[in-house]
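Residue-level structural notes
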Amino acid sequence: MKLDEHLAECDSDLRRLIIAIGNTCKTIKKGFASRQSCSDTENVYGEKQMALDKWADEVLIADLKASGLVKYLASEEQPEILEFDSAGNFGVTMDPLDGSSLIGVNLAVGTIIGIYRGNVLAPGNTMVGAMYVLYGPLTTLTYTVKKGVHEFVLDTSGNFILQEENIRIPDGKIFAPGALRKEYLPGHLKWIEALESEGYKIRFSGSFVADVHQILHKGGVFTYPGYRGKEKGKLRLLFEANPMGFVVAQAGGATSHGTGDILTVMPESVNQRIPIYIGGKREIQLIEKINKEA
Ligand code: AHG
Ligand code: MN
Ligand code: MN
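Residues numbered from 1 in each chain as written. Chains lettered and ligands numbered in written order. Predicted model: local features only at pLDDT ≥ 70, side-chain atom pairs only at ≥ 80, totals over all residues. Heavy atoms only, no water.

**Considerations on the packing of helix α5 (residues 208-218) against helix α6 (residues 237-250)**
Our working definition: Helix axes use the C-alpha atoms of the stretch in contact, all axes being lines fitted to C-alpha atoms, and the angles between their N-to-C directions lie in the range 0 to 180 degrees. Strands are runs of DSSP state E lasting at least two residues, helices are runs of H or I lasting at least four, and both sets are numbered from the N terminus onward. An angle below 35 degrees is treated as roughly parallel, one above 145 as roughly antiparallel, one from 65 to 115 as roughly perpendicular, and anything else as oblique. If you view the pair so one helix is near and one far, a crossing is left-handed when the near helix is turned anticlockwise from the far one by less than a right angle, and right-handed when it is turned clockwise. Whether two residues are in contact is decided by their heavy atoms: any pair within 4.5 Å suffices. As a working rule, the residues Ala, Val, Leu, Ile, Met, Phe, Trp, Tyr, Cys and Pro are called nonpolar, Asp, Glu, Lys and Arg charged, and the rest polar, with Gly in that last group.
Here α5 crosses α6 at 15°, and the two axes come no closer than 11 Å. Relative to α6, the element α5 is oriented roughly parallel. Along this stretch, α5 crosses α6, giving a crossing that reads as right-handed. Contacts from Phe208, Val209, Val212 and Leu216 of α5 reach α6 at Glu240, Ala241, Met244, Val247 and Val248. Of the residues that constitute the contact of α5 with α6, the class distribution is eight nonpolar, no polar and one charged.

Take a look at the structure:
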């Protein structure tokens, strides 16, 4: 079954938006080979931008503006929320290219999208949909519009074909621990040691979207915690935590910032960072139990 057929029951504007984003990501994928270099600019987080970061951002902004469906667009690569004079009223958040440090070493990177009705400075659980495209050995598109989580693979004819429907996160013993051990806060260290004592294996690539995709399919947990000197952690609430947390929650998993659900957080700013725990309910309940007892 093709993506547009699978979306047949979906609200028509939302269906058109998801299809449009999927098409733009096909263009992004084609641009990889000629955009491996570093640019000479930094984003608002002081991180060096890769040529691909900037190009993916540009093509997504252009296509989403041209779609006439999007009113507000917040991008990890833009300092402010963009507002379009369009008939549509969707708010979109995007990490145009997640895992940029891996571009030069041919590991999986991806595009992360959150979809709201109206402005995006709202809790993640108000999203009407979320999706990501993972550029790996296969190019896959995973989406949810709150009726299950579904994955598609790009075929040689350029169609996204259904690969797996109603994905549910299984129990699993892998964990993706970001940040430096020597900078772990006490509660986080205690939690990590509990997982290690139960035989959890490390699977951390440096690409949040790829690591969470693996957790979605194999179980376990991804974390980029708050740590000494950066208690808010590294990853962004709007562009990374909310959309990927929404997908995992819709697949039966959970999210936490250490003491509560990420998806209930009211954003204070567009580029707000947040400690991230995304994965199975058991692992998420454990970190919150440890922090509450601390
Ligand atoms: P981005 O490429 O969009 O800036 O995201 C990179 C993020 C995330 O994908 C990954 O989990 C994390 O940075 C890795 O950070 P470290 O290099 O500090 O491990
Ligand atoms: Mn990212
Ligand atoms: Mn990025």
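From this point, the narrative continues.
**Digging into the domain arrangement of the protein**
Heads up, the rule is: In this document the domain limits rely on a domain assignment from an automatic tool or a database. The term buried area refers to how much accessible surface (probe radius 1.4 Å) is lost by two components on association, counted for both of them together. Salt bridges are defined as contacts in which a side-chain nitrogen from Lys or Arg sits within 4 Å of a carboxyl oxygen from Asp or Glu. For this analysis, a polar contact is any N or O atom pair within 3.5 Å, provided that within protein one partner can donate a hydrogen and the other can accept it, and provided that sequence-adjacent residues contribute only side-chain to side-chain pairs.
Entries for the protein in the domain assignment read domain 1 (3-164) and domain 2 (174-293). The distance between the C-alpha centroids of domain 1 and domain 2 comes to 22 Å. Across the contact, 40 residues belong to domain 1 and 30 residues belong to domain 2. Together, the buried faces of domain 1 and domain 2 total about 2800 Å²; carbon and sulfur atoms form 66% of this surface. Three residues stand out in domain 1 for area buried against domain 2, namely Tyr45, Leu121 and Tyr132, and they jointly supply 21% of the buried area on that side. Our enumeration of links across domain 1 and domain 2 arrives at two salt bridges. Put simply, Glu76 and Arg236 hold a salt bridge, and the shortest N to O gap is 3.1 Å. For the pair domain 1 and domain 2, the number of links is 10 residue pairs in polar contact (both at pLDDT 80 or more). For the side of domain 1 that touches domain 2, the secondary structure elements donating two or more residues are β3 (70-75), β5 (90-98), β6 (109-117), β7 (129-135), β8 (139-144) and β9 (149-154). Broken down by class, the residue content of the side of domain 1 that touches domain 2 amounts to 21 nonpolar, 12 polar and seven charged.

**Quick look at the coordination of the manganese ion (ligand 2)**
Short version of the rule: A 2.8 Å cut-off from the metal defines N, O and S donors, relaxed to 3.2 Å for Na, K and Ca; water is not in the atom list, so some sites may appear incomplete.
Taken together, the protein ligands of the manganese ion (ligand 2) are Asp95 (OD), Asp98 (OD) and Glu240 (OE), with distances of 2.0 to 2.1 Å. Between consecutive donors of the manganese ion (ligand 2), the numbers of intervening residues give the motif D-x2-D-x141-E. Between the manganese ion (ligand 2) and the manganese ion (ligand 3), the interatomic distance is 3.6 Å, and Asp95 donates to each metal, bridging them.

**Topic: α5**
How we decide: In this scheme, a residue with accessible area under 20% of its type's maximum is buried, one over 50% is exposed, and one in between is partly exposed, where area comes from a 1.4 Å probe on protein chains only.
By the criterion of burial, α5 is predominantly enclosed, with eight of the 11 residues buried. Regarding α5, the residues found buried are Phe208, Val209, Ala210, Asp211, Val212, His213, Ile215 and Leu216. Trailing α5 by a residue or two, Gly219 shows a phi angle of about 85°, which is positive.

**A short note on the environment of Met94**
By secondary structure assignment, the location of Met94 is in strand β5. It is 7.3 Å that separates the C-alpha atoms of Met94 and Thr111, two residues lying 17 residues apart in sequence. Not counting the four nearest positions on each side in its chain, Met94 is found in contact with Asp57, Leu60, Ile61, Leu64, Leu73, Ala74, Ser75, Glu76, Ile112, Ile113 and Phe239.

**A few points about the coordination of the manganese ion (ligand 3)**
Ideal geometry at a metal centre gives angles of 109.5 degrees when four donors are arranged tetrahedrally and 90 or 180 degrees when six donors are arranged octahedrally. Protein ligation of the manganese ion (ligand 3) involves Glu76 (OE), Asp95 (OD) and Leu97 (O), the donor distances falling in the range 2.1 to 2.3 Å. Within one chain, the residues donating to the manganese ion (ligand 3) are spaced in sequence as E-x18-D-x1-L.

**Comments concerning the sheet that holds strand β12 (residues 201-202)**
The criterion, for reference: For two strands to be treated as a pair, DSSP must find no fewer than two bridges joining them.
A sheet is described by the order of its strands in space; here five strands give the open sequence β12-β11-β13-β15-β14, paired in mixed fashion. Edge positions in the open sheet fall to β12 and β14 (254-256), since each of these has one partner strand only. Across two bridges, the pairing between strand β11 (residues 174-177) and β12 is parallel. Each bridged residue has a counterpart across the sheet, and for Phe175 the counterpart in β12 is Ile202. Docked against the sheet, helix α7 (residues 281-293) engages β13 (221-224), β14 and β15 (276-279), running at close to 25° with respect to β14.

**A look at the environment of Glu288**
Within the fold, Glu288 resides in helix α7. Distance from Glu288 to Gly187, taken between C-alpha atoms, is 9.1 Å for residues 101 residues apart in sequence. Contacts of Glu288, omitting those with residues within four sequence positions, involve Thr255, Ser256, Gly258, Thr259, Gly260 and Asp261.

**Concerning the pattern of salt bridges**
Applying the stated criterion across every chain yields a total of 11 salt bridges. Residue Glu288 pairs with Lys292 through a salt bridge whose shortest N-O separation is 3.9 Å. Of the two residues, Glu288 and Lys292 are both situated in helix α7; the distance of four residues between them amounts to about one turn of the helix. Residues Lys289 and Glu293 are paired through a salt bridge, measuring 3.2 Å at the closest nitrogen-oxygen approach. Here the residue Lys289 and the residue Glu293 both occupy positions in helix α7, the gap between them amounting to four residues, near one helical turn. Judged by relative accessible area, Lys289 falls into the partly exposed class, the value being 49%. With relative accessibility at 53%, the residue Glu293 sits in the exposed group.

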